[in-house]
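Below, each chain spelled out in residue letters.
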Protein chains: 2
Amino acid sequence: MALEHAILVSLAEREGSGYELTRRFDRSIGFFWRATHQQIYRVLKRMDEAGWVSSVHVPQEGKPDKKVYSVSAAGRVELERWIAEPGEPVEVRDELAVKIRGAAHGDLAALRAEVARHRDAHAERLALYRRLADKDFPEPGALSGTALHQYLVLRGGISAESGFVTWCTEVLDALEGR
Amino acid sequence: MALEHAILVSLAEREGSGYELTRRFDRSIGFFWRATHQQIYRVLKRMDEAGWVSSVHVPQEGKPDKKVYSVSAAGRVELERWIAEPGEPVEVRDELAVKIRGAAHGDLAALRAEVARHRDAHAERLALYRRLADKDFPEPGALSGTALHQYLVLRGGISAESGFVTWCTEVLDALEGR
DNA sequence: GTCTGCATGTAACTGGTTACATGATTAT
DNA sequence: ATAATCATGTAACCAGTTACATGCAGAC
């Protein structure tokens, strides 16, 4: 149950409305924990009831009003508790791996095309992460605090995506049957 | 919706009961698509109704009887269709990344311990995959067919787990504050 | 007598996705 | 005109987890 906590982390960095959180989950923190606006609104409501966040109604001109959420004292306690709590290491769950495993029961050419598609998608993601790292953290050695933490998470994304690209390439080579 | 297809792949390799499938999902194919027995029984029932598999009641001595499932013609068609169908590339969803991102709002020492725990778990998983690769595929260059496909999937696991280990180590170094 | 393995299931719940719904403002 | 952005939600559904339930055989 980490969406609550991902929202707490995001709101602790900066308060915001459900809509603004949705934008953030389309980028940054959402690269590592995706969520749709429906889910975010539902969970925000639950968190409000639990007292982890509080909201202020903010009227706007030319735009619809919004409800701005911020982390309460209880929310900060909960966030600290959760960060220290041991969790399960990520488990791989990869549809493509299942397809490769079943390659003998399908069309090899189609599967190769699929692997190439995944390789390209991961390469694009990797390029994006590298661009973000270069732009936002040009001097990694000098980082500390939240900027360092954000950089480290981005490094994890770069590591994961470059691993996928390498693996897809290896699979393609092996399936080419040259 | 890939559990159906993971089961089809597994049953296409060898027929088996729900219980036997559960054992397989504790190893091999389950390393890349985990499932519990409850889920497997439920999905097998649905697949039977859909005509993708057929079952035979097999009486046993000294053990409870079992229902052995095998892939039907319709199931083989469905499996081939699914393998050729484009799917979504895996998305990273990592609780640990969220915790690191929120490090400023928690206890750093506890977080370091948590990262070290994850590093150890991934290192263990990596060692297991390497052991399996050495044992089952001692001559990777000579592989073809299903054995090659199984090896390639295992290579993906090795790549992913070694990526995690490297990343955790990098994070620990950066958070040591030396 | 207690635990492990074999074997199959039901029921309740949680988390996440997809579709539907509304309505104003601004840019093309 | 039409699409995109801002803003918030409901409802139905699907997938997956946890807990509960049964019962025999064989090993320690």
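Residues numbered from 1 in each chain as written. Chains lettered and ligands numbered in written order. Predicted model: local features only at pLDDT ≥ 70, side-chain atom pairs only at ≥ 80, totals over all residues. Heavy atoms only, no water.

- The name given to chain A in an unreviewed UniProt entry is PadR family transcriptional regulator, and the organism recorded there is Actinokineospora bangkokensis.

**Some words on the protein's contact with DNA strand D**
- Neighbouring residues of DNA strand D: 22 residues in total, closest Y19(A), Y41(A), Q60(A), R93(A) and M1(B).
- Backbone sugar and phosphate groups make up 60% of those atoms of DNA strand D lying within 4 Å of the protein.
- A distance of 2.8 Å is found between a phosphate oxygen of DNA strand D and a side-chain nitrogen or oxygen belonging to Y19(A).
- Interatomic distance of 2.9 Å between a side-chain N/O atom of Q39(B) and a phosphate oxygen of DNA strand D.
- When residues of the surface near DNA strand D are traced back to their parent elements, those giving at least two are helix 2 (18-24), helix 3 (37-50) and strand 3 (66-71) of chain A together with helix 3 (37-50) of chain B.
- For the surface near DNA strand D, the element with the most residues is helix 3 of chain B, which contributes 4 residues. (Near = heavy atom within 4 Å. Polar contact = N/O pair within 3.5 Å; in protein donor to acceptor, adjacent residues only side chain to side chain. Helix = DSSP H or I, 4+ residues; strand = E, 2+ residues; numbered from the N terminus.)

**Points about the UniProt feature "domain: Transcription regulator PadR C-terminal" (unreviewed entry) in chain A**
- Per the UniProt entry, the sites bearing "domain: Transcription regulator PadR C-terminal" (unreviewed entry) are residues 92-176 of chain A in this numbering.
- Helix makes up 80% of residues 92-176 of chain A and strand 0%. Its end C-alpha atoms lie 25 Å apart. (UniProt positions renumbered as here; feature names shortened; annotations may be inferred.)

**What about helix 1 (residues 3-13) of chain B?**
- In terms of residue burial, helix 1 of chain B counts as a mostly covered element, since 9 of its 11 residues are buried.
- Looking only at helix 1 of chain B, the buried set comprises L3(B), E4(B), H5(B), A6(B), I7(B), L8(B), V9(B), S10(B) and L11(B). (Buried < 20%, exposed > 50% of the residue type's maximum accessible area, 1.4 Å probe, protein only.)

**Points about the protein's contact with DNA strand C**
- Not every one of the 22 residues close to DNA strand C is listed here, only the nearest: M1(A), Y19(B), Q60(B), K67(B) and R93(B).
- Near the protein, meaning within 4 Å, the atoms of DNA strand C are sugar or phosphate in a fraction of 59%, with bases accounting for the rest.
- Interatomic distance of 2.9 Å between a side-chain N/O atom of Q39(A) and a phosphate oxygen of DNA strand C.
- Between DNA strand C and R42(A), the relevant distance is 2.9 Å, taken from a base oxygen to a side-chain nitrogen or oxygen of the residue.

**Observations concerning the relation of the copies chain A and chain B**
- Between the two copies, chain A and chain B, the superposition gives an RMSD of 0.0 Å; the rotation angle is 180° and the shift along the axis is 0.0 Å. In the structure described here, the two chain copies are related by an operation that fits a two-fold rotation axis.
- A high fraction, 100%, of the interface residues of chain A reappear at the interface in chain B, so the copies pair face to face through one surface. (Least-squares fit on C-alpha atoms with pLDDT ≥ 70 in both. Contact = heavy atoms within 4.5 Å.)

**Some words on the sheet that holds strand 3 (residues 66-71) of chain B**
Residues and elements named next belong to chain B.
- Spatially, 1-3-2 is the arrangement adopted by the 3 strands of the open sheet, whose pairing is antiparallel. The open sheet has two free edges, formed respectively by strand 1 (16-17) and strand 2 (53-58), since each of these has just one partner strand.
- Relative to strand 3, strand 2 runs antiparallel, the two sharing 6 bridges. In the strand pairing of strand 3, V56 is matched with V68.
- Packed onto the sheet, helix 3 meets strand 2 and strand 3 and runs at close to 115° relative to strand 2. (Pairing = 2+ DSSP bridges. Axes fitted to C-alpha atoms, helices over the stretch in contact; angles between N-to-C directions.)

**Focus: the sheet that holds strand 3 of chain A**
Residue and element names in this part refer to chain A.
- Strand order in the open sheet formed by 3 strands is 1-3-2, with antiparallel pairing between adjacent strands. Since the sheet does not close on itself, it has two edges, and those belong to strand 1 (16-17) and strand 2 (53-58), each with one partner.
- Here helix 3 sits on the sheet in contact with strand 2 and strand 3, set at roughly 115° to strand 2.

**Overview of the packing of aromatic side chains**
- A complete count under the given rule lists 8 aromatic pairs over all chains for this structure.
- Where F31(B) meets F32(B), the ring centres are 6.5 Å apart and the plane angle is 85°; that geometry is what we call edge-to-face.
- F31(B) sits in the buried class, given a relative accessible area of 11%.
- Across the ring face of W33(A), the terminal group of R93(B) is positioned such that the distance to the ring centre comes to 4.5 Å.
- Taking NZ or CZ as reference, K99(B) lies 5.0 Å from the ring centre of W82(A), over its face. (Phe/Tyr/Trp six-rings, centres within 6.5 Å; stacked < 30°, edge-to-face > 60°. Lys NZ or Arg CZ within 6 Å of the ring centre and 35° of its normal.)

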